[in-house]
Amino acid sequence: VRSIAEILSERPCLSFEVFPPKPTDDEDMRGIFSTLSALASAEPDFVSVTYSPAGRNSDRALSIASFAADRGMTPLSHFTAVGYGREEAAAMLAALRERGLRNVLALRGDLPPGGEVRWKDFRHASDMIECIRGLDPGICVGAACYPEGHAECADPALDIERTRRKEELGASFFISQLFFDNDIFFSFVERARAAGLRSPIVAGVMPVLRAANARRIIELTGCSIPPALAALFERHGGDPVAMEDAGMDYAAAQIDGLRAAGVDGIHVYTMNRAAQALEILRRAGIAAR
Ligand code: FAD
């Protein structure tokens, strides 16, 4: 399994994010495995697998990453700091090593509703990055970045400074939070480069397929809605088929614009919907790689 930083240094990448489905939705994981097999047809440079804070789904996440590796894909295992410490980080690294997995996305993790967290050794993603680097200097570590600034940090320049700190401590690539206006991403990359961030910055693209889901995600991330997207909600919000079609067009146009600008990579948040992710790539003119 190759290092993602190395792959990113060679060419602009295309990658996907999937999440471990709940056991009640997909007990034997046949559903997610068939999703991954379908996504493999686009020959992604890597596939990332999300992680629940406190590792509620860690076994399933590991199985999914191993399945992807067995199918010739490069998995990227997310790992979250919330409620975790050195002990859990060491156990996670051992589990990855055992399976030949060599890429991790180090995140603080979403805070539980109500905000009650029992912090252990890590308070920020940067604390965990430093620890992972110390425990396993050979593993490739990525981290998150926020084109519109992280919701808990009112000062975008300070947020970039903290992102740069993650690089300083060992993150060698970044994946961005979703955004719906490419100019916001371009401006972020410009400011991050001016602040000295050197690692590849991959653009995270979230297709809007259902109006209700999109509103929830927008609320959670605090990302802004450009007028063109607001108009889509207005026009198609009550018609799921038309909304999905328009949402796929919107994501395809976003990807097209990002590629034309020569971004380091495009990471599609698939929400485990392979057919739609592949259709978006087809509409963006990159189905056949
Ligand atoms: P951090 O880098 O720790 O930043 C969090 C906040 O703390 C920011 O406001 C930052 O400015 C501030 N901060 C950072 N360092 C310091 C410091 N040293 N001192 C003071 N303040 C500081 N969540 C999950 O639970 N599971 C996932 O699998 C998952 N995958 C994700 C993938 C991507 C690409 C992205 C963008 C997000 C993902 N998330 C996931 C959500 C993520 O956990 C949240 O956005 C979380 O709120 C912040 O995570 P972070 O790693 O960016 O945190």
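Above this text sits the structure in question.
Our subject in this report is the structure included herewith. (Residues numbered from 1 in each chain as written. Predicted model: local features only at pLDDT ≥ 70, side-chain atom pairs only at ≥ 80, totals over all residues. Heavy atoms only, no water.)

1. Re the site of the ligand
Piece 1. The local shell around the ligand holds 24 residues, among which Tyr51, Tyr146, His150, Asp159 and Lys166 are the closest.
Piece 2. In the environment of the ligand, a nitrogen atom lies 2.7 Å from a nitrogen or oxygen atom belonging to the backbone of Tyr51.
Piece 3. Note that an oxygen atom of the ligand is positioned 2.8 Å from one of the side-chain N or O atoms of His78.
Piece 4. For the ligand, the protein covers 86% of the area, taking 980 Å² as the surface of the free molecule.
Piece 5. Secondary-structure elements contributing two or more residues to the shell around the ligand are strand S3 (75-80), strand S4 (103-107), helix H5 (125-135) and helix H6 (156-169). (Near = heavy atom within 4 Å. Polar contact = N/O pair within 3.5 Å; in protein donor to acceptor, adjacent residues only side chain to side chain. Areas by Shrake-Rupley, 256 points an atom, 1.4 Å probe, with all protein chains shown as cover. Helix = DSSP H or I, 4+ residues; strand = E, 2+ residues; numbered from the N terminus.)

2. Some points on the packing of aromatic side chains
Piece 1. If you walk through the whole model with that rule in mind, you get 7 aromatic pairs.
Piece 2. A centroid spacing of 6.3 Å and a plane angle of 75° characterise the contact between Tyr51 and Tyr84, whose relative ring orientation is edge-to-face. With Tyr51 in the loop between strand S2 (46-49) and helix H3 (58-70) and Tyr84 in the loop between S3 and helix H4 (86-98), the pair connects residues that are 33 residues apart, well separated along the chain. Neither Tyr51 nor Tyr84 differs from the other in exposure class; each is buried.
Piece 3. With 5.3 Å between their ring centres and 40° between their planes, Phe79 and Tyr84 make a pair best called tilted.
Piece 4. Taken together, Tyr51, Phe79 and Tyr84 form an aromatic cluster joined through their ring pairs.
Piece 5. The ring of Phe233 is capped by Arg215, whose NZ or CZ atom sits 5.2 Å from the centre of that ring. (Phe/Tyr/Trp six-rings, centres within 6.5 Å; stacked < 30°, edge-to-face > 60°. Buried < 20%, exposed > 50% of the residue type's maximum accessible area, 1.4 Å probe, protein only. Lys NZ or Arg CZ within 6 Å of the ring centre and 35° of its normal.)

3. Describing H4
Given 3.6 residues per turn, any residue in an α-helix points the same way as the ones three and four places further on.
Piece 1. In this model, H4 (13 residues) spans 18 Å end to end at C-alpha, consistent with the 18 Å of a helix rising 1.5 Å per residue.
Piece 2. Looking at H4, one finds that the buried residues are Ala89, Met92, Leu93, Ala95 and Leu96. When H4 is viewed along its axis, its buried side chains cluster within an angular range of 160° and face the same direction. Exposed and oriented more than 90 degrees from the buried face of H4 are Glu87 and Glu98.
Piece 3. Count one or two residues on from H4 and you reach Gly100, which has phi positive near 75°. (Expected span 1.5 Å × (residues − 1). Arc of directions from axis to C-beta.)

4. Looking at the pairing of S2
Piece 1. Here S2 shows a buried face lined by Phe46 and Ser48 and a second buried face lined by Val47 and Val49.
Piece 2. Sheet topology places strand S1 (residues 13-18) next to S2; 4 bridges connect them, and they run parallel. Opposite Val18, over in S2, you have Val49 as the bridge partner.
Piece 3. Running through helix H2 (residues 30-40), the crossover from S1 to the neighbouring parallel element S2 is right-handed. (Pairing = 2+ DSSP bridges. Right-handed = clockwise from strand over helix to strand, strands pointing away.)

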